[in-house]
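Listed below, chain by chain, are the residues.
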Amino acid sequence: MKVTSFYPGPATIHSSIPSMVIDAYNTGILSANHRSPEFMELSFATKSQLRARLKVPDDYVIIFISSATEAWEILSQSLTSKTSQHFFNGAFGLKWANVAESLGINVVKSPFDINASLPTGQIDSLSEWLCVTVCETSNGTMVDQNVLQGLSKERLPHQLIAVDATSALGGVILNFQLADYWFASCQKCLGLPAGLALLIVSPAAIERGHLLAERAHYNSFLNLFEHSIKEQTHYTPNVLNIYLLWRTLAAGPPIATIDMRLRERLVGLNPITESNGALPWLVSNSSLRSPTVITLKTSDPSVLKEKALAQKMILGNGYGTWKDTTVRIANFPAMDDIQFQIFVEWLSTL
Ligand SMILES: *Cc1c(COP(=O)(O)O)cnc(C)c1O
């Protein structure tokens, strides 16, 4: 029996990938130039699927980049003149703030507790961007769309919102209208090999790009944007992954169905974590938990991981502050319901 990886990224990829890779080879797209009509058609088809399946609004522009980390950099380099505010409760949000700082941005850090809601009342009036990590992969918390709406309402007219949706996009319903700069890499909820990410930007973010007109980097926003609206890229993109994204989206259900399926799995898990007190949730308030990254407390992660491995399951390590006290389990769409059920049943025997 094959070992199942519950690691939250790079994660288990869709089981249909091997045959789709062969299809990609056979179509010849992998040898096509990224200015060719073949690539432009693929780019258009992929973005159309993103709009149809994930409900990306028509007036938001979708741009292919290489990683979420790159999206952090683009925001600071091209779309921020002085200051950005970062709300975070875990390692990825903090890293984003640190990347901005190292690029010379004046960063306002607004940390909050993992058992508290994001403090929408603490908006810094000088910040041009309010930065939020919707699902914090390091601790399994989620910023609810209602909270994001609160932030969106309370901001000042010149303030835009940026959202790291890396372990959310493709797994949970997102209301894109609530923010201006969304991004996610594809090796988490999208169930693909690593090496591609999506940047999804509002008309207001594009306007900010034109206003600042920054063009000093290979991945300057305007370079990316101008090619993207022509269904091209200015660098040689990860065509294989774009092809796989197109095919997996086309073969999959709409986001509302996926979102419900992931939440239903948690309904099966909850009674077990509650009755066997050995593995409590890291986040006690269930409304603050991400449905995509299950984070459980354990006094000895290595023992638990060994037990799981004996049953052909790889659990994810804790991350950052929670490295030695938690395990993380990906509840991503590419994972079969049956595999997840096997995990839940195993948990019930502990
Ligand atoms: C994994 C992850 C990242 C980093 O993604 P890369 O593609 O490796 O750059 C950033 N933010 C969050 C929330 C993540 O889960």
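Residues numbered from 1 in each chain as written. Predicted model: local features only at pLDDT ≥ 70, side-chain atom pairs only at ≥ 80, totals over all residues. Heavy atoms only, no water.

With respect to the nonpolar core
Core analysis: the largest hydrophobic core is formed by 80 residues, its most contacted members being Leu169, Tyr181 and Trp182. Looking at which domains feed residues into this core, each of domain 1 (4-13 + 254-348) and domain 2 (17-251) gives three or more. If we skip the residues at most four places from it in the chain, Tyr181 touches Ala71, Ile74, Leu75, Leu79, Trp129, Ile161, Ala162, Val163, Leu199, Ile200 and Val201. Membership of the second largest hydrophobic core comes to 20 residues, among which are Leu315, Met335, Val344 and Trp346. (Core = buried A, V, L, I, M, F, W, Y, C linked by side-chain atoms within 4.5 Å. Buried < 20%, exposed > 50% of the residue type's maximum accessible area, 1.4 Å probe, protein only. Domains from an automatic or database assignment. Contact = heavy atoms within 4.5 Å.)

Some points on unusual backbone geometry
Note that the residue after Gly9, namely Pro10, is joined by a cis bond; omega there is -10°. With respect to the helices and strands, Pro10 occurs in the loop between β1 (4-5) and α1 (17-27). Phi is positive for Ala213, close to 45°, though the residue is something other than glycine. Assignment of secondary structure puts Ala213 in the loop between α6 (203-212) and α7 (221-228). With phi around 65°, Lys312 is a residue other than glycine that occupies positive phi space. Judged by relative accessible area, Lys312 falls into the partly exposed class, the value being 35%. (Helix = DSSP H or I, 4+ residues; strand = E, 2+ residues; numbered from the N terminus.)

So, the domain arrangement of the protein chain
For the protein chain, the assigned domains are domain 1 (4-13 + 254-348) and domain 2 (17-251). One C-alpha centre belongs to domain 1, the other to domain 2, and the line joining them spans 25 Å. Across the boundary between the two partners, domain 1 contributes 30 residues, which contact 31 residues of domain 2. Summed over both sides, the interface between domain 1 and domain 2 buries roughly 2,500 Å², with carbon and sulfur atoms accounting for 65% of that surface. Here domain 1 and domain 2 share zero salt bridges between them. (Buried area = accessible area lost by both parts, 1.4 Å probe. Salt bridge = Lys/Arg side-chain N within 4 Å of Asp/Glu carboxyl O.)

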